[in-house]
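# Inside the fold
Letter by letter, the chains look like this.
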Amino acid sequence: MKKKILVVEDEESLRLLYEEELMAEGYEVLTAGNGREAIQQLETGKPDLILLDIVMPVMDGMEALGRIVGKERKIPIILNTSYSGYRENFMSWAADAYVTKSDDLSELKKKIRELLGKGKAR
Amino acid sequence: MVLAGGRGERLYPLTRDRAKPAVPFGAIYRIIDFTLSNCLHSGLRRIYALTQYKSTSLNRHIQLGWNILSAPLGEFIEAIPAQQRIDEHWYQGTADAIFQNIYTLQEERPDLVLILSGDHIYKMDYRKMIAFHLERRADLTVAAIRMDRNLSKEFGVIEVDRDWRMIGFQEKPEEPQTIPGDPGGILASMGIYVFNTELLVRRLIEDARSESSHDFGKDIIPMMIGKDQVFVFDFRQGDLGGTGYWRDVGTIDAYYEANMDLIAVTPQLNLYDSQWSILTYQPASPPAKTVWIEGGRVGTALNSILSNGCIISGGNVKRSILSPRVTVHSFAEIEDSILLEGVDVGRNARIKKTIIDKEVQIPPGTEIGYHLDEDAKRFTVTDSGIVVVPKGIRL
């Protein structure tokens, strides 16, 4: 069965890019435009992994991270950001991996394979 | 961080409308006053009290009584209600309560976090524990008190090596590990923890991301033994009275006994120490007084504690504790009882071994504590025969 990835990203062009690239890798992709939508998707879509942007409107990635961990304790979460100060934020330590935003998605894809391969997902 | 969400279920009905830290104690105090006073005298003046369950009474007490620190100096005592910011449920355990307030730690970014319970009565200089923590270069230091071995089922029992490094922890064991060289004694965890902040956050996140009861005693401490530097601080090193006084007052019987201890000539818990005064909130009331001394109508109070605003008007009070504004009318008799704020005892009433909650009016001629079978029909009566008259009852 295809593994399901939830992409949480407020910038539409980026969201589409991740969606296409990850579908090409053979994953099923769900999307959300902010933290609140991500939490709804968590309940309805039952993803196996979450790719989470930090700076977003409505509910940012750090708050969403705390809430996701409170609901689905073991789901792997990758923080995806262009902002480097996030490690100052205690809640960021709850993520399983950190990827810096880049045009080249090979590092991101590698991290996804690693985390899903660990059998840690649901 | 003071954990002040305790339900105190075994203190029912005193906890029907209030959390355990807000339960009145020692005539004029609330249980949490002891922990908060310890903080103040220990120089710890950036304090969060984490509340959740039935917190109105506690919040009011903190606002009215503890609004005494200097905000311009960065000092505060702030009650944080469960914000359900991470989870829409109540806190699942003591560790979850701190985890859900990780944002608060984030904003403060202290080097060390002292985690306390608002449920206990004792006097302790936390500075000594913090100095011990730094001296041992510990990641976590847990305070412990010696208890008799036969009480092990009521406590988290700590096992130490000769250097007071923690090597084991059992939650309420039947067969406890005893203190080296003291086979009759155990080290009971007092629920007092000093953590290095970063390590606390890491362990809380690990715990949050695993199946767990999210409790310091059951989950976090066992996970840290053998992995991190965990040391045990002997309460006797920080105990101010030198008497080893520490009470959980978890049950009505324990609550009654701990209150009654205070009417001894020299109680173990010294409330008269001006160097370590216990602060509280008291509305302004006139001094206590006794009136009538004619014929058989004499107002007396013997071996008792009387608070401001009490009037013993031709009644007799023996071995009892009266909170502020209690009135005892003529020919009424009060023995071995605890009367909370605003209680009014009518003429000829007789009260024995009874706890009466706030503002209850006892009609003239009522007898409580003399016929326990009858009392049990309307009140809570414990196995040892203490009657509790709840708040709001109309008699």
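What you see is a predicted model, and the numbers here were worked out from it, not measured in a lab. (Residues numbered from 1 in each chain as written. Chains lettered and ligands numbered in written order. Predicted model: local features only at pLDDT ≥ 70, side-chain atom pairs only at ≥ 80, totals over all residues.)

### Some details on the overall build of chain B
Scanning chain B from terminus to terminus reveals nine helices and 31 strands. The globule rule puts the C-alpha radius of gyration for 395 residues at 21 Å, and the 22 Å found for chain B is close to it. Seen through its C-alpha atoms, chain B measures out along the principal axes to roughly 75 × 50 × 40 Å. Here chain B holds 395 residues, and the buried ones make up 46% of them. Long-range contacts, defined as pairs at least 24 residues apart, comprise 55% of the intrachain contacts of chain B with a sequence gap of at least 6. (Helix = DSSP H or I, 4+ residues; strand = E, 2+ residues; numbered from the N terminus. Rg over C-alpha atoms; globule rule 2.2 N^0.38 Å. Buried ≥ 20, exposed ≤ 12 C-beta atoms within 10 Å, placed from the backbone. Contact = placed C-beta atoms within 7 Å.)

### Points about the overall build of chain A
Along its length, chain A carries four helices and five strands. The helix and strand sequence of chain A, counted from the amino end, reads β-α-β-α-β-α-β-β-α. Taken over C-alpha atoms, the radius of gyration comes to 13 Å for chain A, in line with the 14 Å a tight globule of 122 residues would show. Taking the principal axes of the C-alpha coordinates as reference, chain A spans close to 35 × 30 × 25 Å. Classification of the 122 residues of chain A by burial places 35% in the buried group. In chain A, once contacts between residues fewer than 6 apart in sequence are set aside, the share between residues at least 24 apart is 62%.

### Concerning the sheet that holds strand 22 (residues 327-328) of chain B
All names here are of chain B. In spatial order, the strands read 14-19-22-25-28; together these five strands make up an open sheet with parallel pairing. Single-partner strands in this sheet number two, and they are strand 14 (289-291) and strand 28 (361-362). Pairing of strand 14 with strand 19 (residues 311-313) involves three bridges; the strand directions are parallel. Bridging across to strand 19, Lys-289 finds its partner in Ile-311. (Pairing = 2+ DSSP bridges.)

### A few points about the interface of chain A and chain B
On the chain B side, the residues contacting the 11 residues of chain A number 13 residues. When grouped by side-chain class, the residues that make up the side of chain A that touches chain B number five nonpolar, three polar and three charged. (Nonpolar A, V, L, I, M, F, W, Y, C, P; charged D, E, K, R; others polar.)

### Focus on the nonpolar core
Counting 147 residues, the largest nonpolar core has Ile-50 and Leu-65 of chain A together with Ala-144 of chain B as its most contacted members. With eight residues, the single largest contributor to this core is strand 11 (residues 185-196) of chain B. (Core = buried A, V, L, I, M, F, W, Y, C linked by C-beta atoms within 7 Å.)

### Points about the pairing of strand 9 (residues 156-160) of chain B
All names here are of chain B. Within strand 9, four of the five residues are buried, leaving the element largely enclosed by the surrounding structure. Of the strand pairs in this sheet, strand 9 and strand 10 (residues 166-171) are connected by five bridges, and their pairing is antiparallel. Within strand 10, the position partnered with Val-157 by the bridge is Gln-170. As consecutive antiparallel partners, strand 9 and strand 10 are separated by five residues, and within that stretch Trp-164 has a phi angle of approximately 65°, a positive value. For strand 9 and strand 11, the ladder comprises two bridges, and the chain directions are antiparallel. Within the sheet, the bridge partner assigned to Val-157 lies in strand 11 and is Ala-188.

### Side note on the packing of helix 2 (residues 35-45) of chain A against helix 3 (residues 61-71) of chain A
Residues and elements named next belong to chain A. For the pair helix 2 and helix 3, the least separation of the axes is 9 Å and the interaxial angle reads 20°. The orientation of helix 2 with respect to helix 3, classified from their angle, is roughly parallel. For the pair helix 2 and helix 3, the crossing hand works out as right-handed. Here helix 2 contributes Gly-35, Ala-38, Ile-39 and Leu-42 to the contact with helix 3, which in turn contributes Gly-61, Glu-63, Ala-64, Arg-67, Ile-68 and Lys-71. Across the contact of helix 2 with helix 3, the residue classes tally to five nonpolar, two polar and three charged. (Axes fitted to C-alpha atoms, helices over the stretch in contact; angles between N-to-C directions. Parallel < 35°, antiparallel > 145°, perpendicular 65-115°, else oblique. Left-handed = near helix turned anticlockwise from the far one by under 90°.)

### Focus: helix 1 (residues 32-41) of chain B
Taken together, the buried positions of helix 1 of chain B are occupied by Ile-32, Asp-33, Phe-34, Thr-35, Leu-36 and Asn-38 of chain B. Looking one or two residues past helix 1 of chain B, Gly-43 of chain B carries a phi angle of roughly 80°, positive in sign.

### Observations concerning the pairing of strand 6 (residues 112-117) of chain B
All names here are of chain B. Relative to strand 6, strand 1 (residues 2-3) runs parallel, the two being bridged by two bridges. The residue bridging Val-2 from the neighbouring strand is Leu-116, located in strand 6. Pairing of strand 6 with strand 11 involves four bridges; the strand directions are antiparallel. Each bridged residue has a counterpart across the sheet, and for Leu-112 the counterpart in strand 11 is Asn-196.

### Considering the sheet that holds strand 27 (residues 354-356) of chain B
Residues and elements named next belong to chain B. Pairing in this open sheet of six strands is mixed, and the strands run 18-21-24-27-31-30 from one edge to the other. With one partner strand each, in any of the chains shown, strand 18 (305-306) and strand 30 (380-381) form the two edges of the open sheet. In this structure, strand 21 (residues 321-322) lies alongside strand 24 (residues 338-339), joined through two bridges in parallel fashion. Within strand 24, the position partnered with Leu-322 by the bridge is Leu-339.

### A word on the domain arrangement of chain B
Residue and element names in this part refer to chain B. Split into domains, chain B comes out as domain 1 (2-276) and domain 2 (289-389). Placing a centre on the C-alpha atoms of domain 1 and another on those of domain 2 gives a separation of 34 Å. Listed as interface residues are 11 residues of domain 1 and, on the opposing side, 18 residues of domain 2. The element contributing the most residues to the side of domain 1 that touches domain 2 is helix 8 (residues 252-261), with four residues. Here the residues of the side of domain 1 that touches domain 2 are counted per class, giving nine nonpolar, one polar and one charged. (Domains from an automatic or database assignment.)

### Let's talk about helix 3 of chain A
By the criterion of burial, helix 3 of chain A is predominantly enclosed, with nine of the 11 residues buried. For helix 3 of chain A, the complete set of buried residues consists of Gly-61, Met-62, Ala-64, Leu-65, Gly-66, Arg-67, Ile-68, Val-69 and Gly-70 of chain A. Looking at the packing, one finds that the buried side of helix 3 of chain A touches strand 1 (4-8), helix 2, strand 3 (49-53) and strand 4 (77-81) of chain A together with helix 6 (197-208) of chain B.

### Overview of the confidence of the model for chain B
The predicted coordinates of low-pLDDT regions are not to be read in fine detail. When pLDDT is averaged across chain B, the result is 94; 98% of the residues are at 70 or more. Two numbers describe this predicted complex: its pTM, 0.90, and its ipTM, 0.81. (pLDDT = per-residue confidence, 0-100.)

### Comments concerning the environment of Glu-72 of chain A
Residues and elements named next belong to chain A. Inspection of the secondary structure puts Glu-72 in the loop between helix 3 and strand 4. For Glu-72, a count of 18 C-beta atoms within 10 Å puts it in the partly exposed group. Sequence separation between Glu-72 and Gly-26 is 46 residues; the distance between their C-alpha atoms is 24 Å.

### Considerations on unusual backbone geometry
Residues and elements named next belong to chain B. A cis geometry characterises the amide bond from Tyr-12 onward to Pro-13, with omega recorded as 5°. You can see Pro-13 is positioned in the loop between strand 1 and strand 2 (24-25). In the Ramachandran plot, His-214 falls in the positive-phi region, its phi being about 55° despite a non-glycine side chain. Its location among the elements puts His-214 in the loop between helix 6 and helix 7 (216-224). One non-glycine residue, Trp-292, lies in the positive phi region at around 80°. Within the secondary structure, Trp-292 is located in the loop between strand 14 and strand 15 (293-294). Judged by the 16 C-beta atoms lying within 10 Å of it, Trp-292 falls in the partly exposed class.

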